[in-house]
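Per-entry structural report
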Amino acid sequence: METNETPVATEDTEQEEIDLAPVEEIIKNLPDNSRGHLVPTLQKIQNVYRYLPAPAMELVMEALNVSKAQLYGVISFYPQLLITEPGKYIIKLCYGTACFVKGAPIIGDKIHDGYHIRPGETDSSKLFTLQTASCLGNCGAAPMAIIGEDTHGTIDPEKTLAILGEYKHDAETLETEEATA
Ligand code: FES
C-alpha cells in the first residue's frame, strides 16, 4: 500500500466549474447504489479528471447514499486518490524497504530542497506532485521512482534533481512552443 499523506478534505472545498457529464455517465452505468461501488467509481472519476473534483463528489454522495465524512474517510484511506489537482507529473518515490535503506528519504529531502514539496504536496508551478509508494516491484534497481509515466531506477539525490530538471525543461519548452504557435 502506498504511504503518502492525502490532503484532508474541508467543508469549504471550493466548487470548481467542471463538465460533470462524464461523472453522470459513470453513475448512470452503476448496476445499483451499493457502497461497494464507491472505490471503483472514485477511480473512474479520477481517471477522467486526474483528481476528484468536489462537484463530482456531491453527485457520488447522492448516488451511493454516503455522507461526506464517509466519502472522505474512504478517500483518505487510499493515498492515490487525490482531492486536489496534481501537478503535471506525479513523482512516486518508493519508500519500500530496499529503497528506504538505499536512501529514498534522502532523495525525498533533496526534492524538498529543490521544489519545496513533501509527500502529498504539489510545487507552486504545479509541475510536480510528490507521493511515496511501497515497493514498485524492482528492488534490484533501488532506489526507484516513477515520474509521470516513466520509471527511474538506481537514482540518488543529485541524479533525481537532474532528472526533475529535465522534466521541467521539457515542460517549459513545450509551454514556449505553444505560446509562440
Ligand atoms: S522497495 Fe523500492 S522497488 Fe522494491
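Just so it is clear, the structure is predicted and the values come from calculations on it, not from any experiment.

Reading the values: rules and limits
Numbering of residues starts from 1 in every chain and runs along the sequence as written. Given that this is a predicted model, residues contribute local features only at a pLDDT of at least 70 and side-chain atom pairs are listed and counted only at 80 or more, while totals for whole chains, interfaces and linings are drawn from all residues. Each nonpolar core consists of buried Ala, Val, Leu, Ile, Met, Phe, Trp, Tyr and Cys residues. Their C-beta atoms, within 7 Å, join them into a set. The exposure label follows from counting other C-beta atoms within 10 Å of a residue's C-beta, where the C-beta atoms are placed from the backbone and the thresholds are 20 or more for buried and 12 or fewer for exposed, leaving partly exposed in between. Every helix listed is a DSSP run of H or I at least four residues long, and every strand listed is a run of E at least two residues long, numbered separately from the N terminus. Think of it this way: build a C-beta for each residue from its backbone, and any pair within 7 Å is a contact. All the domain ranges listed were derived from an automatic or database domain assignment. The pairing criterion for strands is at least two bridges between them, as found by DSSP. Axis geometry follows a simple rule: fit a line to the C-alpha atoms, using only the stretch in contact for helices, then measure angles between N-to-C directions, giving values from 0 to 180 degrees.

1. Notes on the nonpolar core
Here is a general trend for soluble globular proteins: nonpolar side chains tend to be buried in one another's company. Of all hydrophobic cores here, the largest spans 19 residues; its most connected members are Ile-91, Leu-93, Cys-94 and Met-144. Of all the secondary-structure elements, those providing two or more residues to this core are β1 (89–94), α6 (104–115) and β2 (128–133). Apart from residues no more than four positions distant in its own chain, Leu-93 is found in contact with Ala-104, Ile-107, Gly-108, Leu-130, Thr-132, Ala-133 and Ala-145. Counting 14 residues, the second-largest nonpolar core is a separate cluster that includes Val-23, Ile-26, Val-60 and Leu-64.

2. A few points about the domain arrangement of the chain
Size of an interface: often given as the accessible area lost when the parts come together. Parsing the chain into structural domains produces domain 1 (1–84) and domain 2 (89–180). A C-alpha centroid distance of 26 Å is found between domain 1 and domain 2.

3. Quick look at unusual backbone geometry
Of note, the bond from Ala-142 into Pro-143 is cis; its omega dihedral lies within 30 degrees of zero at -5°. Along the chain, Pro-143 turns up in the loop between β2 and β3 (145–147). At Asn-65, a position not held by glycine, the phi torsion is positive, near 55°. Within the secondary structure, Asn-65 sits in the loop between α3 (54–64) and α4 (68–77). A tally of 10 C-beta atoms within 10 Å means that Asn-65 is categorised as exposed. Of note, the phi angle at Thr-154 is positive, near 50°, even though the residue is not glycine. Relative to the elements of secondary structure, Thr-154 occurs in the loop between β4 (150–152) and α7 (157–180). Residue classification places Thr-154 among the exposed positions, given that 12 C-beta atoms sit within 10 Å.

4. Describing the pairing of β1
Judged by how many residues are buried, β1 sits mostly within the fold: five of six residues are covered. Bridging between β1 and β3 involves three bridges; their strand directions are antiparallel. Within β3, the residue paired with Ile-91 across the bridge is Ile-147.

5. Details of the sheet that holds β3
Pairing within the open sheet is mixed, and its four strands lie in the order β2-β1-β3-β4. Both outer strands of the open sheet, β2 and β4, are each paired with one neighbouring strand and no more. Along the sheet, successive strands turn relative to each other by an average axial angle of 20°, direction set aside. Sheet topology note: the β3/β4 ladder contains three bridges and is antiparallel. Looking at β4, one finds that Ala-145 is bridged to His-152. Against the sheet, α6 touches β1 and β2, its axis set at about 150° to β1. Each of β1, β2, β3 and β4 touches α7; the most contacted strand, β3, lies at about 10° to it.

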